[in-house]
Amino acid sequence: MKTKAFIFDLDGVIVDTAKFHFQAWKMLADELGMEFDEEVNERLKGVSRMRSFEIILEVNGAMERFTEEEKTALITKKNDLYVELIKTLTPADALPGIEALVNSAKAAGIKTAVASVSKNAPAVLSALGLADRFDYVADASKVKNSKPDPEIFLVCAEALGIAPSECVGIEDAQAGIEAIKAAGMYAVGINVTVTSLEPDMHLASTAELDFTKLSEIA
């Protein structure tokens, strides 16, 4: 049975906005007089916005410094900073091979979706000039469970009207691979550091995405 849908993670697969997250957290930490560096930033990957801020507070011994309301206001400020930074994205920032793969899928009648828990996904895709290329973009505000829970991939498959077994999921994080596998889909890993489940296909970068191979494997 041939592949009927490609479901993409956003950050690290379609575009790399990690630098903007780092810059936004750094700007907030500097304003609050807190330490924040690349080492701490590594601990924030794949973690919710609130948990990310709590990790920064823990590192700085400042867990009791803010009320829940203040923490909520501060992570909103961080997101506002991030949103301003991603406005600098252009189509040239799409990762290698992504536009070609999406265009080939469209020409072949293969559906495409974006499975991102980022509420900024539509803005990012718009800045990249890719907003109209995908058949479905998950509404992060309606997804209750984060990866490695398979919910977001199952939501995408359902929205596309495609059985999970006929979908290929593309991810760059271990939690994402676990989510794809739990959804019953074929998992393609982009430079994934494997700590549990292996992806079905390992690739070093998005430049290695091969439409012919991917369209035949589900």
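Quick summary incoming for the structure in this document. (Residues numbered from 1 in each chain as written. Predicted model: local features only at pLDDT ≥ 70, side-chain atom pairs only at ≥ 80, totals over all residues. Heavy atoms only, no water.)

Examining the environment of Trp25
Okay, so step 1: Looking at the secondary structure, you find Trp25 in helix H1 (residues 18-32).
Okay, so step 2: The class for Trp25 is buried, based on a relative accessible area of 3%.
Okay, so step 3: Here the alpha-carbon distance between Trp25 and Leu214, two residues 189 residues apart in the chain, equals 36 Å. (Helix = DSSP H or I, 4+ residues; strand = E, 2+ residues; numbered from the N terminus. Buried < 20%, exposed > 50% of the residue type's maximum accessible area, 1.4 Å probe, protein only.)

Digging into the packing of aromatic side chains
In this description, an aromatic ring pair is defined by two values, namely the gap between the centres and the angle between the planes.
Okay, so step 1: Tallied over the entire structure, the rule returns six aromatic pairs.
Okay, so step 2: Look at Phe8 and Phe134: their rings are 5.7 Å apart centre to centre, the planes differ by 80°, and that puts the pair in the edge-to-face class. One end of the pair, Phe8, is in strand S1 (residues 5-8); the other, Phe134, is in the loop between helix H6 (121-128) and strand S3 (136-137), with 126 residues separating them in the sequence. A single burial state applies to Phe8 and to Phe134, both of which are buried.
Okay, so step 3: Considering the side-chain rings of Trp25 and Phe53, the 6.2 Å spacing of their centres and the 5° angle between planes classify their relative orientation as stacked. With Trp25 in helix H1 and Phe53 in helix H3 (residues 49-59), this pair connects stretches of sequence that are 28 residues apart. Each member of the pair, Trp25 as well as Phe53, is classed as buried.
Okay, so step 4: Here the aromatic residues Phe6, Phe8, Phe134 and Phe211 are joined through ring pairs into a cluster of three or more. (Phe/Tyr/Trp six-rings, centres within 6.5 Å; stacked < 30°, edge-to-face > 60°.)

A word on the pattern of salt bridges
Should the charged atoms of two oppositely charged side chains come close, the side chains can pair.
Okay, so step 1: Here the structure, examined in full by the defined rule, presents 14 salt bridges.
Okay, so step 2: A salt bridge links Glu84 to Lys87, with the shortest nitrogen-to-oxygen separation between them at 2.9 Å.
Okay, so step 3: Looking at Glu84, the relative accessible area reads 49%, which means it is partly exposed.
Okay, so step 4: Residue Lys87 is classed as exposed on the basis of its relative accessible area, which comes to 55%.
Okay, so step 5: Here Lys181 and Asp200 are joined by a salt bridge, their closest N and O atoms 2.7 Å apart. Taken together, the residues Lys181 in helix H8 (residues 174-182) and Asp200 in the loop between strand S5 (186-190) and strand S6 (201-203) connect sequence positions 19 residues apart. (Salt bridge = Lys/Arg side-chain N within 4 Å of Asp/Glu carboxyl O.)

That's the geometry; what it means functionally is another story.
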